[in-house]
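Below are the chains, spelled out letter by letter.
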Amino acid sequence: MYTNLTVLCAFIAVASAANVHDRAYYEEKFFNWLSTHKVEAQNGEHFVRMLQNFANNDDLIEKHNAEGHSYELGHNQFSHLSAEEWREYVKLGLKRENQTAPAMIHSAPADLTAIPSSVDWTTKNAVTGVKDQGQCGSCWSFSTTGAVEGAYSIKYGTLKSFSEQMFVDCDNRSNGGTDMGCNGGLMDNAFDWATKWGGISYEADYPYTSGTTKKSGTCNTKISKDSKAAPKSHTDVKKNDDNAMMSALAQQPVSVAIEADQSAFQLYKSGVLTGTCGANLDHGVLAVGYGTDSKYGDYYKVKNSWGTSWGEQGYIRLARGPSYNNGKGQCGILSGPPSYPNL
């Protein structure tokens, strides 16, 4: 299909000068990747650009994994993108303007022995399957529904999947909200908006479409809502405090904000992420537990919204401890502040 001599020669010239292996090595892996991920080139030039990005990422993966870090990189659905293209593709969508005030602050208990050594809500029927926000900056809505799904399951004994599309379409200034659909939002604001809205629709009734349309749709007010999913209030977890965070996670899954624009996130595959990442918060995700890896130490387990082909079946483990980002936590996980809904 892609046999244009000019196109192939262009890649050969670049790859032979900059990459570790010869062209045939990358081509074989890339064609297998294309088949797996069902990606089609727009034209010959696009094919060459994707192949070059893939080769560069392959070299990065090989070099990193040979160095014996606490986490591994690997190919995924983003392998054909440069770092700049990837950031544009995933549309990191956290907007912290007009953050609503919490009803309460969750602090660490006086008796720290009351905090369990590990927690994992994915084993307790409190976390729905990993979802995929696609090319829409709606991470905030996935973090919001995830936190509500956990709180709902713990309180009512039933795990329901709630609608991100309802938040993307309806949680805006026209309907008394402050979030901005595919242009970003904030979990605390979404919790409070759902309270005013009187509930949240189910995923099955109001399915997600913005990942492919790349924009909000028209708010459908005729779809039924579960009033029991409307938070009575929300609680912020005391900032920059691992003990407070673990105590909150022992109670329920917690919405968190992190900095995810680093290259390690694009190709993260497994392990405990200890690599350099800052605290310029740009991505809303869901903390679902914490624990200790026998080899790589303490971590928080975090559910992302980039599908199951990314990371550990859609999850990432971020290093835990006061030494990260001057107490703000790895990738700023403790600094948001973290928060959870009260049903």
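The paragraphs below set out a description of the structure included in this document. Given the structure is predicted, the values throughout are model-derived calculations rather than measurements. (Residues numbered from 1 in each chain as written. Predicted model: local features only at pLDDT ≥ 70, side-chain atom pairs only at ≥ 80, totals over all residues. Heavy atoms only, no water.)

### Considering the packing of helix H2 (residues 23–37) against helix H3 (residues 44–66)
The packing of two helices is summarised by the inter-axis angle and the distance between the axes. Our working rule: To get an axis, fit a line to the C-alpha atoms, keeping to the stretch in contact for a helix; angles then go from 0 to 180 degrees between the N-to-C directions. The secondary structure listing takes helices from DSSP runs of H or I that are at least 4 residues long and strands from runs of E that are at least 2 residues long, numbered from the N terminus. For classification purposes, angles smaller than 35 degrees are called roughly parallel, those larger than 145 roughly antiparallel, those between 65 and 115 roughly perpendicular, and all remaining angles oblique. We call two residues in contact when some of their heavy atoms are within 4.5 Å. In this count, Pro and Cys sit with the nonpolar residues alongside Ala, Val, Leu, Ile, Met, Phe, Trp and Tyr, while Asp, Glu, Lys and Arg are called charged and the others, Gly among them, polar.
Following both chains from N to C, one finds H2 and H3 inclined at 105°, their axes separated by 10 Å at the closest point. When the interaxial angle is binned, H2 and H3 end up roughly perpendicular. For the pair H2 and H3, contact is made by Tyr25, Tyr26, Glu27, Lys29, Phe30, Phe31, Trp33 and Leu34 and by Phe47, Met50, Leu51, Phe54, Ala55, Asp58, Asp59 and Glu62, respectively. A class-by-class count of the residues in the contact of H2 with H3 yields eleven nonpolar, no polar and five charged.

### Overview of the side chain of Glu203
Here is the rule: Here a polar contact means two N or O atoms within 3.5 Å. Within protein one must be a hydrogen donor candidate and the other an acceptor candidate, and residues neighboring in sequence count only if both atoms are side-chain atoms.
Within the fold, Glu203 resides in the loop between helix H7 (187–197) and helix H8 (210–213). Reaching out from Glu203, the side chain makes a polar contact with the side chain of Lys131 at a distance of 2.8 Å. Look past the residues within four positions of Glu203 in its chain and what remains in contact with it is Lys131, Ser161, Phe162, Ser163, Glu164 and Tyr208.

### Quick word on the packing of aromatic side chains
To keep it simple, the criterion reads: Centres within 6.5 Å are what make two rings of Phe, Tyr or Trp a pair, Trp counting through its six-membered ring; a difference in plane orientation under 30 degrees is then read as stacked, over 60 as edge-to-face, and the rest as tilted. Classification of residues uses two cut-offs on accessible area relative to the type maximum, computed with a 1.4 Å probe and protein chains only: under 20% is buried, over 50% is exposed, and between them is partly exposed. Whether a charge sits over a ring comes down to the Lys NZ or Arg CZ being within 6 Å of the ring centre and within 35 degrees of the ring normal.
Taken as a whole, this structure holds 19 aromatic pairs when the rule is applied. Relative to Tyr156, the ring of Tyr152 lies with its centre 4.9 Å away and its plane at 55°, an arrangement referred to as tilted. Of the two residues, Tyr152 and Tyr156 are both situated in helix H5 (residues 139–156); the distance of four residues between them amounts to about one turn of the helix. Judged by relative accessible area, which is 31%, Tyr156 ranks as partly exposed. A cation over a ring is seen here: Lys228 above Tyr156, with NZ or CZ 4.5 Å from the ring centre. Of note, Arg320 hangs over the ring of Tyr300, and the distance from its end group to the ring centre comes to 5.8 Å.

### Quick notes on the pattern of salt bridges
Basically, it comes down to this: Note on definitions: salt bridges are taken to be side-chain nitrogens of Lys or Arg within 4 Å of carboxyl oxygens of Asp or Glu.
Under the definition given, this model contains 13 salt bridges. Of the charged contacts in the structure, one is a salt bridge between Lys29 and Asp58, with a shortest N-O distance of 2.6 Å. Of this pair, Lys29 sits in helix H2 while Asp58 is found in helix H3, placing the two residues 29 residues apart along the sequence. With its nearest N and O atoms 2.7 Å apart, the salt bridge here joins Lys91 to Glu88. When salt bridges that share partners are traced, they join Lys131, Glu149, Glu164 and Glu203 into one network.

### Brief notes about the nonpolar core
Threshold: Here, the term nonpolar core denotes a set of buried Ala, Val, Leu, Ile, Met, Phe, Trp, Tyr and Cys residues that are joined through side-chain atoms within 4.5 Å.
Judged by nonpolar contacts, the single largest core of 70 residues is most densely connected at Phe265, Tyr300 and Leu318. No other element matches the six residues that H7 contributes to this core. Non-local contacts of Phe265, meaning those with residues more than four positions away in its chain, are made with Trp86, Ile258, Glu259, Ala260, Leu273, Trp306, Trp310, Ile316, Leu318 and Cys331. Counting residues in hydrophobic clusters, the runner-up holds ten residues, among them Phe30, Leu34, Ala41 and Met50.

### A word on H3
Selection criterion: Here the expected span of a helix is defined as 1.5 Å times the quantity of residues minus one.
For H3, built from 23 residues, the straight-helix expectation of 33 Å at 1.5 Å per residue is met to within 8% by its first-to-last C-alpha distance of 33 Å. One or two positions beyond H3, positive phi appears at Gly68, with a value near 75°.

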